[in-house]
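The chain contents come next:
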Amino acid sequence: MIVLGIETSCDETGIALYHTEQGLLGHALHSQIAMHSEYGGVVPELASRDHIRRTLPLIKQVLKHSNVRLPDIDAIAYTQGPGLAGALLTGASIGTALAFALGIPVLNIHHLEGHLLSPLLSKPAPRFPFVALLVSGGHTQLMQVDGIGQYRLLGETVDDAAGEAFDKTAKLLGLGYPGGQSLANLATRGQAGRFKLPRPMLHSGDLNFSFSGLKTAVALLISKHEAAPQTHADIARAFEDAVTDVLVEKSLSALEMTGLQQLVVAGGVGANAQLRQKLSHRLTALGATVFFPELEFCTDNGAMIALAGALRLQHINGAPRIADSFTVKARWHLESA
């Protein structure tokens, strides 16, 4: 079976084709970073309009690249939520209309389900069950994943997500939007240990996170020191050390609590080199295994939605749904997906 995946939850238009036997046939992604950077953040109305412009041309591009015709598609999967309502409506309306016209099933996919399943696109791939660390600009969660649609929340952030904290801290340091990667690059030039920032909720006794206080601590550091390039690099290093230390320790605690030996890391912050290095080192020492998606699949993309759709299609009891209407969910808990 061939599944077309459409991802339009925020500021990236992702399209992909996934074959249940051959794997990923092709994918394409358009990022809106250049457009939104002028405003220092995502402008929802602009994001929606750009998705409208990009989605159909990208579908045609991926079909041509993959040597697949529209009638060859067996199902269409789109991101139903969570995300920006207007952006979600673009993918939902196009995906549902195409599926209805072709007389094929349509699958509404949870954005975070796509992320936590994205390491299955790589080899070796994790096996169920595993613990997933979902860490991005909008979400920081630890989930126990027992199978497709079997997700249990273990802990989550009580305020800013890790990626959001990266972006806000980067702005304090005078870096452009989005700031996560810029801050990580600056941190590579920083001196470890010059500044010490708190590790929020590290010893809270649960698996929840908090990152908004780090942003305040960075603001205080900046106000106390001259704005020298090396000082900013040292502050960036201290911030990255603090965030990654918390993410690593909480992930290890989740594995200990569940008794599982596999950790999947997904989401944009999953591309952070220091986080990858720390987790790989610590889990190898414990005899456990960590799985990361390919860097191109860390950010929002159509491949993860096509994969999730294909897996969902294989687990449906009875005839799959051929829809003539659609809804989106700007807010949506993964456990209810």
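Residues numbered from 1 in each chain as written. Predicted model: local features only at pLDDT ≥ 70, side-chain atom pairs only at ≥ 80, totals over all residues. Heavy atoms only, no water.

Following the sequence through the fold, Arg 276 ends up in helix 9 (residues 273-286). For the buried Arg 276, no salt bridge is present, and the opposite-charge side chain at shortest range is Glu 294, 6.8 Å distant. Those residues in contact with Arg 276 that lie beyond four places of it in its chain are Gly 270, Ala 271, Phe 292, Pro 293, Leu 295 and Cys 298. (Helix = DSSP H or I, 4+ residues; strand = E, 2+ residues; numbered from the N terminus. Buried < 20%, exposed > 50% of the residue type's maximum accessible area, 1.4 Å probe, protein only. Lys, Arg positive; Asp, Glu negative; His and termini not counted. Salt bridge = Lys/Arg side-chain N within 4 Å of Asp/Glu carboxyl O. Contact = heavy atoms within 4.5 Å.)

Take helix 7 (residues 212-224) next. The end-to-end C-alpha distance of helix 7, which contains 13 residues, comes to 19 Å, matching closely the 18 Å that a straight helix rising 1.5 Å per residue would cover. Regarding helix 7, the residues found buried are Leu 214, Ala 217, Val 218 and Leu 221. Summarising the axial view, the buried residues of helix 7 lie within an arc of 100°, below the 170-degree limit, and thus occupy one face. Contacts made by the buried residues of helix 7 are with helix 5 (162-172) and helix 8 (229-258). (Expected span 1.5 Å × (residues − 1). Arc of directions from axis to C-beta.)

A word on the pattern of salt bridges. Enumeration over the complete set of coordinates arrives at 14 salt bridges. Ionic pairing is found between Glu 249 and Arg 282, a salt bridge with its closest N-O pair at 2.6 Å. In this pair, Glu 249 is assigned in helix 8 and Arg 282 in helix 9, connecting sequence segments 33 residues apart. Taking relative accessible area as the criterion, Glu 249 reaches 30% and is therefore assigned partly exposed. Since its relative accessible area comes to 32%, Arg 282 is described here as partly exposed.

What follows deals with the environment of Asp 159. Within the secondary structure, Asp 159 sits in the loop between strand 8 (150-156) and helix 5. Between the alpha carbons of Asp 159 and Phe 209 there is a distance of 7.9 Å; along the sequence they are 50 residues apart. In this view, Asp 159 contacts Ser 210, Phe 211 and Ser 212; residues no more than four positions away in its chain are not counted. Here Ser 210 takes part through its side chain, which lies 2.6 Å from a polar atom of the side chain of Asp 159. (Polar contact = N/O pair within 3.5 Å; in protein donor to acceptor, adjacent residues only side chain to side chain.)

On to the domain arrangement of the protein chain, then. Domain parsing of the protein chain yields domain 1 (2-117 + 300-336) and domain 2 (127-292). The C-alpha centroid of domain 2 is placed 28 Å from the C-alpha centroid of domain 1. Interface area, domain 1 with domain 2, both sides summed: about 1500 Å², of which 73% is carbon and sulfur. Taken as a group, Leu 112, Leu 116 and Glu 335 account for 38% of the area that domain 1 buries against domain 2, more than any other trio of residues on that side. (Domains from an automatic or database assignment. Buried area = accessible area lost by both parts, 1.4 Å probe.)

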